Amino acid sequence: MNKLEKLLSKWNFRKIAVVYLIAALVSGIACAATVGILYRERLNFAWQYSRLEEALEKEDEETLRAAVDKTAAASDDVIDILVLSDDNRVIYSAKDSEFAGASLMLTKVGEEKKYLASAEHPDSVFQYVKGDEFMLNSILNKDFSEIREDYEDDSFFESDLSSKTIYMLSCIRHHESDPKIYVINAPTSVPGGITALKAAAALAMLFFCIYWVLIALWMYRDAAKSKLSPIYWGLIGIFTNLIGLIVYKIYKRNTAVCTACGASQSTGHLYCSYCGSQLGTRCESCGGKVSPRDSFCHQCGSKLK
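Before going into details, it helps to say that this report is about the structure given with it. Just so you know, these numbers come straight off a predicted model, no measurement behind them.

**Side note on the nonpolar core**
Formed by 27 residues in total, the largest nonpolar core has its most connected members in Leu52, Leu64, Ile181 and Val183. Every element with two or more residues in this core is listed here: helix H3 (40-58), helix H4 (61-73), strand S1 (78-84), helix H5 (131-140), strand S6 (165-172) and strand S7 (180-185). Per-element accounting of this core gives the leading share, six residues, to H3. Isoleucine 181 has contacts with Leu52, Leu56, Leu64, Ile81, Leu82, Val83, Ser170, Cys171 and Ile172, leaving out every residue within four places of it along the chain.

Next comes the structure, spelled out in structure tokens:
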């Protein structure tokens with residue numbers, strides 16, 4: 001028995017598994033609570049944004065305006081939420097911002113349709129983002145320095161780019177007959193938010209690595225105890241993990257285990273090849289190996305007691 005086998009023989013994997021599960025559960029709850037507290041405003045905004053889409057489907061003006069007001073109030077990053085008619089005339093504004101004029105006509109900037117500009121607001125540029133991506137960006141807050149670099153690359157031919165303010169814009173509209181809803185956002189980073197997400201991800205990776213190694217170590221110890229090849233099964237555990245564990249269990253199920261020394265071996269053995277102990281039950285007439293469930297010996301036909 002080598003040093004690793006001696007060390008692992010002292011480990012109580014049942015207790016280790018219980019401690020691991022409790023630690024993982026507590027850490028998971030703590031991380032979820034921390035991230036939830038830090039991002040509660042953004043999550044509330046995402047929820048209200050989804051309700052805004054539902055309100056538009058109901059085709060009730062009062063319900064729609066109430067949903068618009070709730071969504072606008074859910075986050076300080078919301079510049080305004082506009083309800084526009086088919087001809088881009090502003091019907092309702094939640095915050096009466098500078099964009100709440102008579103109309104808001106948007107045209108694309110550059111070759112791609114991801115940046116839009118308005119002649120009425122020459123100092124503003126809107127990054128058009130679709131619904132699901134808009135909610136995700138509103139929660140996680142994409143770095144606006146990267147957005148500015150991307151915008152400048154896309155519209156390098158324009159002058160005085162540094163004076164333009166870039167907003168994030170989403171458009172909600174289900175049918176051509178429905179009014180359009182523009183949600184205009186200027187996301188700011190959540191203090192400590194990215195650090196908390198990175199810490200949670202690192203902690204999750206740590207627990208996953210511990211789980212992965214524990215499976216391999218358990219397979220190594222059990223294989224050593226069963227007089228199988230511990231290095232072989234340990235490596236299988238490292239590279240295949242749960243699949244390897246299932247294969248190992250199936251393999252052991254199809255072997256005979258000596259009750260005296262714990263060695264696994266062929267089911268055809270009458271005696272343990274490691275300690276010499278008798279394996280299973282033998283027929284008193286012919287000495288053949290029989291199962292405790294058998295009524296007659298399958299080799300000589302004698303009735304078993």
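**A few points about helix H2 (residues 13-38)**
With 26 residues, H2 should cover 38 Å at 1.5 Å per step; its first-to-last C-alpha distance of 37 Å lies within 8% of that length. All of the buried residues in H2 are Phe13, Tyr20, Ser27 and Val35. Considering only its buried residues, H2 is in contact with helix H1 (3-9) and helix H7 (193-225). Where H2 begins, the capping side chain belongs to asparagine 12, and its oxygen is found 3.1 Å from the backbone nitrogen of arginine 14.

**What to know about the side chain of glutamine 48**
Along the chain, glutamine 48 falls in helix H3. When neighbours within four sequence positions are excluded, glutamine 48 is seen to be in contact with Lys70, Thr71 and Ala74.

**Here we look at a nonpolar patch on the surface**
A cluster of nonpolar side chains, namely Ile231, Leu235, Ile238 and Phe239, defines an oily patch on the protein surface of about 430 Å² accessible area. Position of phenylalanine 239 relative to the elements: it lies in helix H8 (residues 230-240).

**Observations concerning the packing of H2 against H7**
It is the contact of H2 with H7, at a shortest axis distance of 10 Å, that shows an interaxial angle of 165°. Comparing their axes, H7 and H2 come out roughly antiparallel. For H2 against H7, the interelement crossing comes out left-handed. Looking at the contact of H2 with H7, its residues break down into 19 nonpolar, three polar and one charged.

**What to know about the packing of H7 against H8**
Relative orientation of the contacting elements H7 and H8 amounts to 160°, with a least axis distance of 8 Å. With respect to their mutual orientation, H7 and H8 come out roughly antiparallel. The element H7 and its partner H8 pack so that their crossing is right-handed. Residues Trp212, Ala216, Met219, Tyr220, Ala223 and Ala224 of H7 form the contact with H8, whose participating residues are Pro230, Ile231, Trp233, Gly234, Ile236, Gly237, Ile238, Phe239 and Thr240. Residue classes in the contact of H7 with H8 are distributed as 12 nonpolar, three polar and no charged.

**Details of the environment of isoleucine 139**
Inspection of the secondary structure assignment puts isoleucine 139 in helix H5. Spatially, the C-alpha atom of isoleucine 139 lies 9.5 Å from that of asparagine 44, the residues being 95 residues apart in sequence. Not counting residues up to four positions away in its chain, the partners in contact with isoleucine 139 are Tyr39, Arg42, Leu43 and Ala46.

Parameters and conventions
- Residues numbered from 1 in each chain as written.
- Predicted model: local features only at pLDDT ≥ 70, side-chain atom pairs only at ≥ 80, totals over all residues.
- Heavy atoms only, no water.
- Core = buried A, V, L, I, M, F, W, Y, C linked by side-chain atoms within 4.5 Å.
- Buried < 20%, exposed > 50% of the residue type's maximum accessible area, 1.4 Å probe, protein only.
- Helix = DSSP H or I, 4+ residues; strand = E, 2+ residues; numbered from the N terminus.
- Contact = heavy atoms within 4.5 Å.
- Expected span 1.5 Å × (residues − 1).
- Polar contact = N/O pair within 3.5 Å; in protein donor to acceptor, adjacent residues only side chain to side chain.
- Patch = residues over 30% accessible without salt bridge, like charges linked within 9 Å, V, L, I, M, F, W, Y side chains within 5 Å.
- Areas by Shrake-Rupley, 256 points an atom, 1.4 Å probe, with all protein chains shown as cover.
- Salt bridge = Lys/Arg side-chain N within 4 Å of Asp/Glu carboxyl O.
- Axes fitted to C-alpha atoms, helices over the stretch in contact; angles between N-to-C directions.
- Parallel < 35°, antiparallel > 145°, perpendicular 65-115°, else oblique.
- Left-handed = near helix turned anticlockwise from the far one by under 90°.
- Nonpolar A, V, L, I, M, F, W, Y, C, P; charged D, E, K, R; others polar.

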